[in-house]
Amino acid sequence: MRPPALPLPPMARYRARDFPSDLSAAATVCFLAVPQGLAYATIAGLPPAMGLYAAAAPTIVGSLFRSSKHVVAGPTNALSLLVGAAVATGLGGDPVGVALTLALMIGALQVGAGLLRLGAVVDYISVPVVLGYITGAAVLIGAGQLYNVTNTTGPRGTLLTTLGHWAPTASDASGLAVAVAVATVVIIFATRGVSRRIGRRIPGAVVAMIAMLVVNVALGLEARGLRVVADLSPIPESFPTPGLPPLADVGVLLPVAVAGAVLSLVESTAVARSIAARTGQRLDASTEFVGQGLSNLTAGLWGGYPVSGSLSRSAVNERSGAKSRIAGIATGAMMFGVVLAFGSVLDHTPIASLAGLLLVVAWDLVDVPRLVRTVRASKTDAMALAVTVVATWTLSLDTAIYLGVGISIVAFLRRSRTLAVHEVVRDARGRWQDRAPSAEPEEREPGIRVVQLEGPLFFGAATELVTAIDDAFEDASTTVVILRLKRAQGMDATVATTLAEASRLAVGRGDALLLCGLSEAMMTVLERSGANQAFAPEHLLRARPQRFASLDLAWGIATAICSNAMKHDETRGPIIQGASALEAGATGSSG
């Protein structure tokens, strides 16, 4: 057996005239990636330099191998939070080793998913669940920065744990750190306002970081107790040598790695699709999986930590005029230059400033209009959203992701097993139409009920099918029930057996169950399962070319049954003289 082929993006000839646009977009994205990389690494509880490493080589590899030419791989807030939760609990030992091992494991899982062509799997994770996780994570990110805003220390964990331990330390807050964090927030929002007025996109995070760095150096705020990046871990003057790192406990980290792989794939695919909807680019989900997986493998081999497709940097990349994947490659190359040339300068970035940036990130992640629309959409969506949000606040984040995936699967199964049941009646002109729920019983034909089924006929719908048939026979005056299956899809052995049992029960009562609009595939299942033996041959009517012809034929048979029952009430049954002749003479229809 041949191994599965590696899904790779099509190679197109590069146009030299696109290079200025790609280079300009890359510079803009790189400016944004620097403060985000430093900030997101603090969420993950890792040395800030690892955030910069994760935005360098992994970005280049992701741009080369994913199908989207605009998505920029690198550290993201939601995935950083998951890694931070694993690091905080001490899973696997050394934080750096845990992060590198997770990157390799997540990458391997994602490449495997791509090779197996599992791209469609992310479609089964519902939007309310993803929105719930992001919303819950936003609150956790904001709460987790309270220590950095106030220059205090304490344990992190669930939302209540973090808030409960931070509250007593609030009185010890550093006024200088709070002032820097507030100033950062003000500068970011002010920059956004200026950008809107002049019609340009100015990265507020970059403006705020540079401003606070200059203020720190100029006023000597470090000497007054302001914590900076170097206090956490100085940024080395060179990149780590790529290679396989010492691995942490793989068995212990596996649940987190699977959750991280799912989260990264959902996040990356959502970003790619949102941009493709604007650009018209065609995507291949399995290629996206492979590209994202290779990015994570690169992160694990080159000193980074798990990465995903960044919504903010990808959007900036596309809106800044990027024409090809060269923009993402150039972004990663520029990150190498930033670390090598300005690493010592970035060491003086105030931690409180990064915390202020993350407070803005948390604020932006809470999409109130979208939350309102989701809650209003349906009770199921509202419940899925609420449960996922609460889970992110009260459970470990990998457990919350598994719970969210479980909710998505349950919701999918509930919807897929739902049969739409409509009663159909004939109007005064003999035309078929749905019977209004408020219609009077007299509008039905005496003794006959016609029920149309729409939806999947698989084992999960068997109970609903039985209910529909029982409801149709509920009226004691009903002698014949016609099931129109033209708009139903598929049929399995469970449904075939259910229909056979319903027919036998009807015959035992002296009634009849007719099936019309049967496809060839349905007939095959009925015959191979032996269920057809529970029906008189003339009571199984195949779909016909003309619309409603199969139903018209079934109606004729049902009318004959009722007429026979009126003449011979004591021997009511489904056997009708001349029924086969009716079928033979009918011209007919898609039933």
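All values reported here derive from a predicted model rather than from experimental measurement. (Residues numbered from 1 in each chain as written. Predicted model: local features only at pLDDT ≥ 70, side-chain atom pairs only at ≥ 80, totals over all residues. Heavy atoms only, no water.)

Notes on the overall build of the protein
Thought 1: Secondary structure summary: the protein contains 24 helices and 11 strands in total.
Thought 2: Within the protein, the proportion of its 591 residues that are buried is 52%.
Thought 3: A separation of at least 24 residues holds for 82% of the contacts in the protein among residues at least 6 apart in sequence. (Helix = DSSP H or I, 4+ residues; strand = E, 2+ residues; numbered from the N terminus. Buried < 20%, exposed > 50% of the residue type's maximum accessible area, 1.4 Å probe, protein only. Contact = heavy atoms within 4.5 Å.)

Brief notes about a nonpolar patch on the surface
Thought 1: Together, Y124, I409, F412 and L413 give the surface a local cluster of nonpolar side chains, amounting to about 380 Å² of exposed area.
Thought 2: Here I409 is to be found in helix α19 (residues 397–416).
Thought 3: Residue classification places I409 among the partly exposed residues on the basis of a relative accessible area of 42%. (Patch = residues over 30% accessible without salt bridge, like charges linked within 9 Å, V, L, I, M, F, W, Y side chains within 5 Å. Areas by Shrake-Rupley, 256 points an atom, 1.4 Å probe, with all protein chains shown as cover. Salt bridge = Lys/Arg side-chain N within 4 Å of Asp/Glu carboxyl O.)

Some details on the nonpolar core
In globular proteins that are soluble, nonpolar side chains generally tend to be buried together.
Thought 1: If you look at the biggest cluster of nonpolar residues, it comprises 75 residues, and the most contacted ones within it are L82 and Y305.
Thought 2: If you tally residues by element for this core, the top one is helix α1 (residues 19–43), at 10 residues.
Thought 3: Those residues in contact with L82 that sit more than four places away from it in its chain are Y133, V256, A259, G260, L263, L397, D398 and I401.
Thought 4: Residues I469, F473, L518 and A531 belong to the second largest nonpolar core, which totals 31 residues. (Core = buried A, V, L, I, M, F, W, Y, C linked by side-chain atoms within 4.5 Å.)

Re the packing of helix α6 (residues 127–144) against helix α18 (residues 379–394)
Thought 1: Between α6 and α18, the shortest axis-to-axis distance is 8 Å and the interhelical angle comes to 35 degrees. Between α6 and α18 the crossing geometry is right-handed. Counting all contacts with α6, which are made through P128, V129, L131, G132, Y133, T135, G136, A137, V139 and L140, the residues of α18 involved are D381, A384, L385, T388, V389, T392 and W393.
Thought 2: Grouping the constituent residues of the contact of α6 with α18 by class yields 11 nonpolar, 5 polar and 1 charged. (Axes fitted to C-alpha atoms, helices over the stretch in contact; angles between N-to-C directions. Left-handed = near helix turned anticlockwise from the far one by under 90°. Nonpolar A, V, L, I, M, F, W, Y, C, P; charged D, E, K, R; others polar.)

Details of the pattern of salt bridges
Thought 1: Counted according to the given criterion, the structure contains 9 salt bridges.
Thought 2: Here E520 and R542 are joined by a salt bridge, their closest N and O atoms 3.1 Å apart. Taken together, the positions of E520 in helix α22 (residues 520–529) and R542 in strand β9 (residues 540–542) put the pair 22 residues apart, joining distant regions of the chain.
Thought 3: Several salt bridges share partner residues, and in doing so they unite E520, E527 and R542 into one network.

Let's talk about the environment of L160
Thought 1: Checked against the element boundaries, L160 lands in helix α8 (residues 159–166).
Thought 2: In this structure, the C-alpha to C-alpha distance between L160 and A143, residues 17 residues apart in sequence, is 9.6 Å.

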